[in-house]
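What follows is each chain in one-letter form.
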Amino acid sequence: MTPPSEPTTYELTGERLSPRRTRIDTGDAEFVVGKDVNPVEYFLGAVLGCLNSTATMVARDMELSIEEMELQIEGDVDYASYRGEPSDARSGLQGLEVTIAVEAGADEEALESWLEAVEDRCPVTDNVENETPLAVAVESI
């Protein structure tokens with residue numbers, strides 16, 4: 001068994017540019033949330049991006065050759081709570097549905113094993129499926 005590796009720590013900072021735009025600094029790169037897409041779309045894109053990366057690594061490990069892959073994600077948000085309106089709905093996404101269309105020259109059984117490993121190994125979808133503790137604090141600047 002391989003010994004566990006040290007976790008990778010991510011530390012990003014955000015600067016409010018306007019009510020709808022936030023500059024994010026990763027230390028290696030910068031991007032603006034709200035410029036091209038809204039925060040929910042960034043999040044959904046992160047899910048697809050991580051699935052793509054994980055699927056590629058898993059295929060390599062299983063010696064599957066991915067010729068083509070298309071990913072689609074769909075989710076609903078009830079913005080009533082966000083707007084401060086009374087609502088019984090959660091303020092976040094109500095559920096996500098992802099479809100991965102892949103051409104890999106593999107039979108259905110191999111693809112099912114591949115998908116199971118992708119779901120097991122993808123860090124972003126793990127955070128969607130499992131509760132991750134979140135602490136939010138405020139400080140004066």
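Here, every reference points to the structure presented above.
This structure is a prediction, so every number in the text was calculated from the model and none was measured. Throughout, residues of each chain are indexed from 1 in the direction in which the sequence is written. The predicted origin of the model limits local features to residues at a pLDDT of at least 70 and limits the giving and counting of side-chain atom pairs to 80 or more, whereas totals for whole chains, interfaces and linings rest on all residues. Excluding hydrogens and water, the side-chain values take into account all heavy atoms of the structure.

**Side note on the environment of Ala137**
Put simply, the rule is: Starting at the N terminus, helices and strands are each numbered in turn, a helix being any DSSP run of H or I of at least four residues and a strand any DSSP run of E of at least two.
Tracing the backbone through its elements, the reader meets Ala137 in the segment after helix H3 (123–129). As a C-alpha pair, Ala137 and Ser113 span 24 residues in sequence and 42 Å in three-dimensional space.

**A word on the sheet that holds strand E2 (residues 21–25)**
Basically, it comes down to this: Strand pairing follows a simple DSSP-based rule, namely that at least 2 bridges must link the two strands. Here the axes come from fitting lines to C-alpha atoms, over the contacting stretch only for helices, and the angles between their N-to-C directions go from 0 to 180 degrees.
On the basis of which strands lie adjacent, the open sheet formed by 3 strands has the order E1-E2-E3 and antiparallel pairing. For this open sheet the edge positions go to strand E1 (13–18) and strand E3 (30–33), each flanked by a neighbour on one side alone. The average angle at which neighbouring strand axes cross in this sheet is 25 degrees, direction not considered.

**Some points on the side chain of Thr125**
For clarity, the cut-off: Relative accessibility decides the category of a residue: with a 1.4 Å probe and only protein chains considered, values under 20% of the type maximum give buried, values over 50% give exposed, and everything between is partly exposed. In the analysis that follows, any N or O atom pair within 3.5 Å is treated as a polar contact, provided that within protein one partner can donate a hydrogen and the other can accept it, and provided that, for residues neighboring in sequence, both atoms belong to side chains. We call two residues contacting when some pair of their heavy atoms lies within 4.5 Å.
In this fold, Thr125 is placed in helix H3. Residue Thr125 is classed as buried on the basis of its relative accessible area, which comes to 12%. Of the polar contacts made by the side chain of Thr125, one reaches the backbone oxygen of Cys122; its length is 3.3 Å. Setting aside anything within four residues of it in sequence, one finds Thr125 in contact with Val47, Leu51 and Glu119.

**Details of a negative patch on the surface**
Cut-off, in case you're wondering: Surface patches are drawn from residues lacking salt bridges whose relative accessible area is over 30%; two like charges belong together within 9 Å, two nonpolar side chains (Val, Leu, Ile, Met, Phe, Trp, Tyr) within 5 Å. For the accessible areas, the method is Shrake-Rupley and the probe is 1.4 Å, while residue cover comes only from the protein chains on display. Each reported salt bridge corresponds to a side-chain nitrogen of Lys or Arg within 4 Å of a carboxyl oxygen of Asp or Glu. Two residue types count as positive, namely Lys and Arg, and two as negative, namely Asp and Glu; His and chain ends fall outside the count. A charged residue contributes its charge at one atom only: NZ of Lys, CZ of Arg, CG of Asp or CD of Glu.
Negative charge collects at one region of the surface, where Asp107, Glu108, Glu109, Glu112, Glu116, Glu119, Asp120, Asp126 and Glu129 lie side by side. Taken together, the elements giving at least two residues each to the negative patch come down to helix H2 (108–121) and H3. Among the elements that take part in the negative patch, H2 stands out by supplying 6 residues, more than any other. Considering the arrangement of structural elements, one finds Asp120 in helix H2. The exposure class assigned to Asp120 is exposed, which follows from its relative accessible area of 63%.

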